[in-house]
Structures are given as C-alpha cells and as structure tokens.
Amino acid sequence: MGPHPAVAAIRLAVRRVLHDLLTEHNRTTDVPAPGSRSPRPQAPAVTPVAAARVACDTASATAYDLPGPAQRAPRRTTPHERTPSPLVLVACSGGADSMALASALAFEAPKLGIRAGGITVDHGLQPGSDLRAEEVVLRLRELGLDPAESIAVTVGRSGGPEAAARDARYAALDDAAERHGAAAVLLGHTRDDQAETVLLGLARGSGIRSLSGMAAVSGADGRYRRPFLGLDRQTARKACMVQSLPVWDDPHNADPAYTRSRLRQEGLPALEKALGKGVVEALARTAQLSRDDADALDAWASQAETAVRDAAGLLDCAKLYTLPPAVRRRILRRAAIEAGAPAGSLFARHVEEVDRLITGWRGQGAINLPGKVVARRQGGRLVIRQG
C-alpha cells in the first residue's frame with residue numbers, strides 16, 4: 001500500500017524540483033547523466049524571453065519574487081575527482097506548509113544522492129520565539145536533515161512590518177545558503193499563498209508583473225525553489241497530520257493587523273462565497289498567465305531598448321514615443337533602477353510621471369524618483385541619473 005495521497009503529492013512535487021537541481025548540478029560540474037554516452041552537455045541557449053525573465057526577477061519588487069536564475073560556467077572534473085553531492089536547504093517556520101516540505105525533502109533527497117538540511121529564522125517578534133525556533137531545529141534533525149540551524153534576525157521598520165520581516169528573513173536565508181554552499185533553498189509557498197499575492201497586487205493597482213505572483217524559481221542563480229505552488233494549503237496540512245508531524249500555527253497568520261491575514265481570513269472566503277469554489281485555482285492560473293505575458297513584454301523591451309538609445313547611451317524621446325506604452329514603461333523603469341532607484345520603492349505612479357515627459361511634454365520640470373534619482377527631458381533626450 002502506497003503513501004497517503006497528500007503525502008504522495010508533496011513528495012512528487014519535491015522530487016521534480018530535486019531532479020531539476022540534480023540535472024543543473026551535473027551540467028555545471030560537467031558530469032553526464034547516468035548511463036549517458038553523449039559528450040558533455042552544452043548549456044542551453046538563452047532565449048530573449050528567458051533572458052528577460054532573469055533580468056526581471058532580479059529587479060522585481062513583488063512581495064516574494066526575488067532575483068532570477070543565472071548561467072554558471074561549467075567546471076570540468078578529472079576522472080579521479082568525485083563530484084560533491086549538492087546540498088538543498090529547506091526554510092522551515094514549523095508551520096504545516098514548511099514542515100510538509102521538510103518531510104518530503106528528507107524522504108526524497110537521499111534517494112537521489114542529495115544532501116538535505118534545514119534553516120529556521122527567529123524573527124524575535126513574539127515572546128518565546130527563540131524556544132520555538134529551537135524546537136523546529138530539533139524536528140528538522142529528527143527528520144534527518146543536516147545541517148539544521150536557527151538564525152536570529154533583527155526586523156527593521158522599512159516598508160511596514162510584513163515587508164521588513166520578509167527582508168530580514170531572506171537576508172538570513174541568503175547568508176545561510178552562502179555559508180553552507182547550498183545549491184538551493186526550498187520555500188513552502190502554496191497555491192493559496194499565490195492567490196493571496198495576486199489579490200494583493202490587484203488591490204495595489206500594480207502592473208502585470210505584480211499580478212504574476214511568485215516564481216517557481218527565483219533568487220540569485222535560481223537559489224529559491226517553490227515546489228508547492230501547484231498544491232493547496234490543505235494538502236500540506238493533511239500530509240503533516242497523517243505523518244504525525246507536529247506543526248505550529250503562527251498567531252500572526254490570524255492577526256487582523258496584517259493585510260495578508262485579513263485577506264486570508266476574510267477576503268478569500270468572501271470571494272468564494274460570492275463566486276463559488278475555484279477562486280484560488282483561478283487566481284493561481286492568472287498568476288502563471290500574467291507571468292508568461294510579462295516575460296514576453298520584458299523580452300520585447302530588452303530588444304527595443306538598444307534601438308531607442310543614441311550614440312551617447314541617452315534615451316531618444318521621439319523613438320520612445322513610437323513604442324507601445326507597456327514596452328516603453330518597462331524601458332523607463334529599468335533605466336530608473338539602473339540609475340539607482342530602489343526597485344521596491346519605484347511604483348507605477350513614478351514611472352507614469354516619467355512617461356509624461358515623453359507623451360505629454362509641455363516643458364515641465366524634472367521628476368524626482370526614489371533613491372535621489374532625477375529624470376528630466378533635455379534636447380529631445382531623457383536623462384535619468386542620481387542628483
């Protein structure tokens with residue numbers, strides 16, 4: 001008799017990600033697949049869409065989308081050199097989603113010769129958080145994960161409590177991945193989390209990139225992987241229950257002081273009551289369709305940018321004017337970020353103001369952008385620079 005369907009589902013999702021990681025690892029270390037007689041595999045060509053996806057994920061200001069994957073130069077191994085097995089870490093809060101992920105990683109990784117470890121981040125926002133973090137570490141070790149450690153962080157105030165906690169958490173995970181030389185960090189975001197992210201982007205009036213939600217692969221060199229984006233939250237919780245895995249329900253997830261908590265507790269249930277079941281699945285599908293469209297537009301903008309710059313590298317306003325608004329604004333946003341504007345603070349209204357220097361030019365003055373970046377029109381050219 002096989003495992004419970006919920007357990008089988010989470011294991012399959014993790015197995016697919018681990019297979020991808022192992023293939024990438026073998027490619028970068030110049031190791032052919034088992035049984036293969038073919039010469040060393042060549043790195044796949046990077047299409048304009050793939051290149052745009054990397055550039056866009058790198059500058060993304062969405063809540064969970066971090067920088068995207070980059071190509072690594074292959075390293076040859078000698079016949080007597082044994083390729084070290086890759087290390088995959090799981091980010092585990094002790095909640096149902098991440099505990100289910102940790103259990104699936106612990107089960108699947110050894111079968112593929114992959115080392116598996118776990119990291120929990122202590123945000124220090126609740127009394128006894130350090131003790132809970134140590135409990136999570138013990139659970140990770142009981143699953144057989146090594147290394148397993150807790151990292152305490154100091155949460156600032158920039159961008160609000162949720163954004164500040166997220167920034168501190170990802171900084172800690174990045175540091176852990178670097179210290180341990182991890183090939184990837186698995187995150188337990190589910191299809192429900194994806195639906196919430198899409199709705200939050202919609203409520204902010206964000207563009208299509210924000211509506212594309214979280215990427216399955218993101219971070220420097222594709223560090224972050226989200227195996228559960230196709231699974232609902234209930235499947236993860238059921239998997240924990242049938243495996244008798246203890247889980248911790250963070251009270252912040254039900255605290256109405258947090259926007260995402262209100263959306264989870266009130267907003268989505270109200271939508272499902274009004275529109276019927278299937279809202280979460282539809283929103284997750286919208287995220288993927290939006291991501292595909294955004295990737296295509298980013299690729300178009302990347303190709304068009306060279307043509308709208310003059311010999312000095314300045315943006316030609318007349319040439320920009322001929323581009324579709326969605327393409328032109330992507331070029332403007334990228335130029336502002338390259339000049340020093342923080343991606344997370346550069347909103348649609350900023351880009352729209354800069355766009356008016358091209359489409360509604362009436363001699364208006366410079367536009368002040370975040371990061372002390374200034375955009376102004378001079379002699380038919382758009383100049384964007386700090387100061």
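Before reading further, recall that the structure is shown in the block above.
This structure is a prediction, so every number in the text was calculated from the model and none was measured. (Residues numbered from 1 in each chain as written. Predicted model: local features only at pLDDT ≥ 70, side-chain atom pairs only at ≥ 80, totals over all residues. Heavy atoms only, no water.)

1. Comments concerning the pairing of strand 3 (residues 148-152)
In this sheet, strand 3 lies alongside strand 2 (residues 115-122) in parallel orientation, the contact comprising five bridges. The residue bridging D122 from the neighbouring strand is A152, located in strand 3. A crossover connection joins strand 2 to the parallel strand 3 through helix 4 (residues 129-142); in handedness this β-α-β unit is right-handed. (Pairing = 2+ DSSP bridges. Helix = DSSP H or I, 4+ residues; strand = E, 2+ residues; numbered from the N terminus. Right-handed = clockwise from strand over helix to strand, strands pointing away.)

2. Remarks on the sheet that holds strand 8 (residues 367-369)
Ordered in space as 7-10-9-8, the four strands form an open sheet in which the pairing is antiparallel. Every interior strand has two partners, whereas the edge strands, strand 7 (315-316) and strand 8, have only one. Bridging between strand 9 (residues 373-378) and strand 10 (residues 381-386) involves six bridges; their strand directions are antiparallel. The residue of strand 10 that forms the bridge with V374 is R385.

3. A few points about the packing of aromatic side chains
Per the stated rule, a full pass over the model turns up one aromatic pair. The ring of F107 carries the charged tip of R11 above its face, separated from the ring centre by 3.5 Å. (Phe/Tyr/Trp six-rings, centres within 6.5 Å; stacked < 30°, edge-to-face > 60°. Lys NZ or Arg CZ within 6 Å of the ring centre and 35° of its normal.)

4. Re unusual backbone geometry
For the bond running from D146 to P147, omega is 5°, close enough to zero to count as cis. Examined against the element boundaries, P147 turns out to sit in the loop between helix 4 and strand 3. Look at S244: it is not a glycine, yet its phi comes out positive at around 55°. With respect to the helices, strands and loops of the structure, S244 is situated in the loop between helix 8 (233-242) and helix 9 (259-275).

5. Let's talk about the nonpolar core
In terms of nonpolar packing, the biggest core is built from 36 residues, with L18, L105 and F228 touching the most fellow members. Elements with a contribution of two residues or more to this core: helix 1 (5-28), strand 1 (87-91), helix 3 (96-108), helix 4, strand 4 (184-186) and helix 8. Among the elements that line this core, the one with the most residues is helix 1, at nine residues. Setting aside its immediate chain neighbours within four residues, L105 contacts V14, L18, V88, L89, V90, P110, A116, G117 and L186. Ranked by size, the runner-up nonpolar core spans 25 residues in total, among them C317, A335, A341 and V354. (Core = buried A, V, L, I, M, F, W, Y, C linked by side-chain atoms within 4.5 Å. Buried < 20%, exposed > 50% of the residue type's maximum accessible area, 1.4 Å probe, protein only. Contact = heavy atoms within 4.5 Å.)

6. A few points about the sheet that holds strand 5 (residues 217-218)
Sheet architecture is open: six strands sit in the order 3-2-1-4-6-5, paired in mixed fashion. A single partner strand is all that each edge strand has here, and the edge strands are strand 3 and strand 5. When strand 1 meets strand 4, the two strands line up parallel, connected through three bridges. Bridge assignment links V88 to a residue of strand 4, and that residue is A184. Lying on the sheet, helix 3 is in contact with strand 1, strand 2 and strand 4; it crosses strand 1 at an angle near 160°. Sheet strands touched by helix 5 (residues 161-180): strand 1, strand 2, strand 3, strand 4 and strand 6 (224-225). Its angle to strand 3, the strand with the most contacts, is close to 140°. (Axes fitted to C-alpha atoms, helices over the stretch in contact; angles between N-to-C directions.)

7. Examining the pattern of salt bridges
By the definition in use, this model includes 27 salt bridges. For the salt bridge of R237 with D249, the shortest nitrogen-to-oxygen distance reads 2.8 Å. Note that R237 is positioned in helix 8 and D249 in the loop between helix 8 and helix 9, a separation of 12 residues in sequence. As a salt-bridge pair, R328 and D355 come within 2.6 Å of each other at their nearest N and O atoms. A residue pair is termed long-range when its members are at least 10 positions apart, and R328 in helix 12 (residues 325-338) and D355 in helix 13 (residues 348-359) qualify at 27 residues. Each of the two residues, R328 as well as D355, counts as buried. (Salt bridge = Lys/Arg side-chain N within 4 Å of Asp/Glu carboxyl O.)

8. Re the state of the cysteines
Under the criterion given, the structure shown has zero disulfides. As a non-bridged cysteine, C92 has C240 as the owner of its nearest cysteine sulfur, 8.7 Å distant. Residue C92 is classed as buried on the basis of its relative accessible area of 2%. (Disulfide = S-S within 2.5 Å.)

9. Here we look at the side chain of E305
Locating E305 in the fold gives a position in helix 10 (residues 279-307). Not counting residues up to four positions away in its chain, the partners in contact with E305 are I331, R334 and E338.

10. Let's talk about the environment of L105
Looking at where L105 falls in the secondary structure, it is placed in helix 3. With a relative accessible area of 0%, L105 lands in the buried category. C-alpha of L105 to C-alpha of V90: the two residues are 15 residues apart in sequence and 7.7 Å apart in space.

11. Quick notes on the pairing of strand 1
For strand 1, the tally of buried residues reaches five of five residues, placing the bulk of the element in the interior. The alternating pattern of strand 1 places L87, L89 and A91 on one face and V88 and V90 on the opposite face, and all of these are buried. Two elements, strand 1 and strand 2, share five bridges in a ladder whose sense is parallel. In the sheet register, V88 faces strand 2, and the bridge partner there is A116. Viewed along the sheet, the connection from strand 1 through helix 3 into strand 2 turns out right-handed.

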